[in-house]
Amino acid sequence: MRFPLRSSVSRGYTTPVEAGSTGAKLDRTPAEKGRSPPRRFYAGPSLERARTIDDLRAMAHRRLPAFAVEYLEGGAEEEATLARNLAAFASYRFLPRALVDVSSRDQSISLFDRAMPLPFAIAPTGLNGLFRNKADVLLARAAAEAGIPFIQSTMSNDRMEDVAAVPNLRHWWQLYVFGERSIRDTLVARAERAHCEALVLTIDAQFYGDREWEQRRFAHPGRLSLGSILEAALHPLWAATTLSGGMPSFANALDFLPKDRRGFFESAFWIRANMDHALDWDEAARLRDLWPRMFLIKGLLNPDDVQRAVSIGADGVILSNHGGRQLDWTVAALDVLQEARRRVGARLTLIVDGGVRRGTDVLKALALGADAALVGRATLYGLAAAGQNGVTRAIDIFREEIDRDLGLLGARSVKDLGPDFLTR
Ligand SMILES: Cc1cc2nc3c(=O)[nH]c(=O)nc-3n(C[C@H](O)[C@H](O)[C@H](O)COP(=O)(O)O)c2cc1C
């Protein structure tokens, strides 16, 4: 398959899929010299052979049509924010401790007074039905089995109640604020009835970031180009596992939409066009007061705003630039984490996301003061590659890497981590 992506999305080297049929590398890893054979990520059908998140990514790219790959991967405008997310992690190096007894290692944490075996959760992502039928139920099942929270997006293609029915799930509901006030209040009331543990108010998408590369796949807003449709037709496996129940719909938002705007792309465009541009701290405080359980704000980057979240009674903040998909040229969450922690101390749960692809990324975030990390694309790669088993494989890869890297770092527990394990 030919699907060249810009090198900014990769970690200095590209998957064979990204590099196109020439297999040409845009960059080389240090172990490759001169005419040494080119390296390839695994992109075949066997999940056991996926050693890293990058392998799952290559598998996903092979299976998905190009327009879905662009939706999954793309960042806004110049993709500078997207690139910064990876570069921020890369800018930290470890200072490992030597001769520590690491015969047992513990990566469990406590989040909102509940123990969880892994220090990360699954981020909210909308339109997952483009990657797999019943995608959010599959993500939720894998999360529940692993004992980690799953945050379901307002733009989910599965009903909130269907996800809530997944046994043992820590179900968090992500709220987008669009249309009349009654819409958001209805969704909040539904989330309460569905026993969601937390409400996550996303505030960084009131305007839709321009993911230009994705837009180039469309002839008009809401209509794929003929080339994209023909290319999608070359992916029968994707069609069989994704469109078997017909085109996905926005199961939780549909009732609020005009009857003639309920098609898949049309409804996405309607919601985008009706995002509430007046959303402010007063409204965030009102929603906080409306919601009886844990309340988090997702999408803050400025430490002043993080402090303000404390004053409206938020329980947590997700430092995030939306995976590089909204405002371009922002800092990465990791860049502001230490300052945010310095300002709020232990008064607020701080979670970070953006660019988490490795166990070492999670360890760096924890060492810099995060209570936990979120993974967005990483578990979507697994989902697109192989459904629920692929998500589980992604989670297992993180678990294995974190465990091994704790040992190599000379830390018995993630609770022992601190900035003294890192240098820039
Ligand atoms: C395909 C895709 C869809 C997303 N949809 C949403 C969404 O509906 N709501 C939201 O709050 N964040 C959304 N995000 C942002 C993620 O929650 C998260 O902040 C981001 O993916 C983290 O970066 P990462 O993908 O590098 O891990 C989306 C991200 C992606 C990649």
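Provided above is the structure to which this section pertains.
In this text the structure is predicted, and so the values were computed from the model without any measurement.

Q: Would you mind showing me how to read the layout of surface pockets here?
A: Empty space among the atoms becomes apparent when a probe as large as a water molecule is rolled across them. In this structure, the largest pocket encloses a volume near 290 Å³. In terms of lining, the largest pocket is formed by 15 residues, of which the most central are Ile 203, Asp 204, Gln 326, Leu 327 and Thr 330. Here the lining of the largest pocket is composed, by residue class, of 5 nonpolar, 6 polar and 4 charged. Lining of the second largest pocket is provided by 11 residues; of these, Ala 90, Tyr 92, Arg 93, Thr 360 and Lys 364 occupy positions nearest its centre. Those elements that provide at least two residues to the lining of the second largest pocket are α4 (80-90), β1 (93-94) and α15 (359-367). Taken together, the residues of the lining of the second largest pocket sort by class into 5 nonpolar, 1 polar and 5 charged.

Q: Sorry if this is basic, but what is going on with the nonpolar core here?
A: Within soluble globular proteins, side chains that are nonpolar generally end up buried alongside one another. Within the largest apolar cluster, 135 residues are counted, with the highest numbers of intra-cluster contacts made by Phe 131 and Leu 417. The leading source of residues in this core is helix α16 (residues 377-409), at 14 residues. Once residues within four sequence positions are removed from consideration, Phe 131 is found in contact with Arg 63, Leu 64, Ala 68, Tyr 71, Leu 72, Trp 238, Thr 242, Leu 380, Leu 383 and Ala 384.

Q: How do you make sense of the site of the ligand when you look at a structure like this?
A: The full set close to the ligand counts 22 residues, and Pro 124, Ser 153, Thr 202, Asp 353 and Gly 355 are the nearest of them. One of the side-chain nitrogen or oxygen atoms of Gln 174 is found 3.1 Å away from a nitrogen atom of the ligand. Note that an oxygen atom of the ligand is positioned 3.0 Å from one of the backbone N or O atoms of Gly 376. Alone, the ligand offers 600 Å² of accessible surface; in the complex the protein occludes 98% of this. The pocket occupied by the ligand, as judged from atoms lying within 2 Å of grid points, is the largest cavity. Those elements giving two or more residues to the shell around the ligand turn out to be α3 (66-73) and α16.

Q: Can you walk me through the pattern of salt bridges in this structure?
A: If you walk through the whole model with that rule in mind, you get 25 salt bridges. A cluster of three or more residues bridged by salt bridges with shared partners is formed by Lys 134, Asp 158, Arg 159, Glu 161, Asp 162 and Arg 190.

Q: Please explain the pairing of strand β13 (residues 372-375) as it appears in this structure.
A: One face of the sheet, then the other: side chains in a regular strand alternate in exactly this way. Burial of β13 is two-sided: the residues Ala 372 and Leu 374 facing one way and the residues Ala 373 and Val 375 facing the other way are all buried. By the bridge criterion, 3 bridges tie strand β4 (residues 120-122) to β13 in an arrangement that is parallel. By the bridge assignment for β13, Phe 120 is matched with Ala 373. Sheet topology note: the strand β12 (residues 349-352)/β13 ladder contains 2 bridges and is parallel. Its bridge partner lying in β13, Ile 351 is registered against Ala 372. Read from β12 through α15 to β13, the crossover connection turns out right-handed.

Q: How do you make sense of the packing of helix α13 (residues 303-311) against helix α14 (residues 333-344) when you look at a structure like this?
A: The angle between the axes and the distance between the axes are what describe a pair of packed helices. The geometry of α13 relative to α14 is characterised by a closest axis approach of 9 Å and an angle of 35° between their N-to-C directions. For α13 against α14, the interelement crossing comes out right-handed. For the pair α13 and α14, the contacting residues are Pro 303, Asp 304, Val 306, Gln 307 and Val 310 in the first and Glu 339, Ala 340, Arg 343 and Val 344 in the second. Grouping the amino acids of the contact of α13 with α14 by side-chain chemistry returns 5 nonpolar, 1 polar and 3 charged.

Q: When you look at helix α12 (residues 281-290) in this model, what are you seeing that I'm missing?
A: The α-helix advances 3.6 residues per turn, and as a result positions three or four apart in sequence lie on the same side. Among the residues of α12, Trp 281, Glu 283, Ala 284, Leu 287 and Arg 288 are the ones counted as buried. Along α12, the residues classed as buried sweep out an arc of 160° about the axis, all on the same side. Exposed side chains of α12 directed beyond 90 degrees from the buried face belong to Asp 282 and Asp 289. On its buried face, α12 sits against β6 (171-175), α7 (181-193), β7 (198-202), β10 (294-300) and α13. Where α12 begins, the side chain of Asp 280 points an oxygen toward the backbone nitrogen of Asp 282, at a separation of 3.2 Å.

Q: Help me understand empty space enclosed by the protein, please; the structure alone is not making it clear to me.
A: A complete count under the given rule lists 3 cavities of 30 Å³ or more for this structure. Taken as a whole, the largest cavity holds about 730 Å³ of empty space. What lines the largest cavity is a set of 49 residues, and nearest its centre among them are Pro 124, Thr 125, His 322, Gly 323 and Arg 325. Going through the elements one at a time, α2 (53-63), α3, α4, α11 (264-273), β13 and α16 are the ones with two or more residues in the lining of the largest cavity. A class-by-class count of the residues in the lining of the largest cavity yields 21 nonpolar, 16 polar and 12 charged. Its volume calculated, the second largest cavity comes out at about 70 Å³. Elements represented by at least two residues in the lining of the second largest cavity include exactly α3, α8 (212-215) and α11. Among the residues making up the lining of the second largest cavity, the classes are represented as 8 nonpolar, 1 polar and 2 charged.

Scoring rules and cut-offs
Residues numbered from 1 in each chain as written. Predicted model: local features only at pLDDT ≥ 70, side-chain atom pairs only at ≥ 80, totals over all residues. Heavy atoms only, no water. 1 Å grid on protein atoms, 1.4 Å probe; cavity = no way out; pocket = protein on both sides within 12 Å on 5 of 7 lines; lining within 4 Å. Points joined across faces, edges and corners; volume = space filled by probe spheres on them. Nonpolar A, V, L, I, M, F, W, Y, C, P; charged D, E, K, R; others polar. Helix = DSSP H or I, 4+ residues; strand = E, 2+ residues; numbered from the N terminus. Core = buried A, V, L, I, M, F, W, Y, C linked by side-chain atoms within 4.5 Å. Buried < 20%, exposed > 50% of the residue type's maximum accessible area, 1.4 Å probe, protein only. Contact = heavy atoms within 4.5 Å. Near = heavy atom within 4 Å. Polar contact = N/O pair within 3.5 Å; in protein donor to acceptor, adjacent residues only side chain to side chain. Areas by Shrake-Rupley, 256 points an atom, 1.4 Å probe, with all protein chains shown as cover. Sits in = over half its atoms within 2 Å of the grid points. Salt bridge = Lys/Arg side-chain N within 4 Å of Asp/Glu carboxyl O. Pairing = 2+ DSSP bridges. Right-handed = clockwise from strand over helix to strand, strands pointing away. Axes fitted to C-alpha atoms, helices over the stretch in contact; angles between N-to-C directions. Left-handed = near helix turned anticlockwise from the far one by under 90°. Arc of directions from axis to C-beta.

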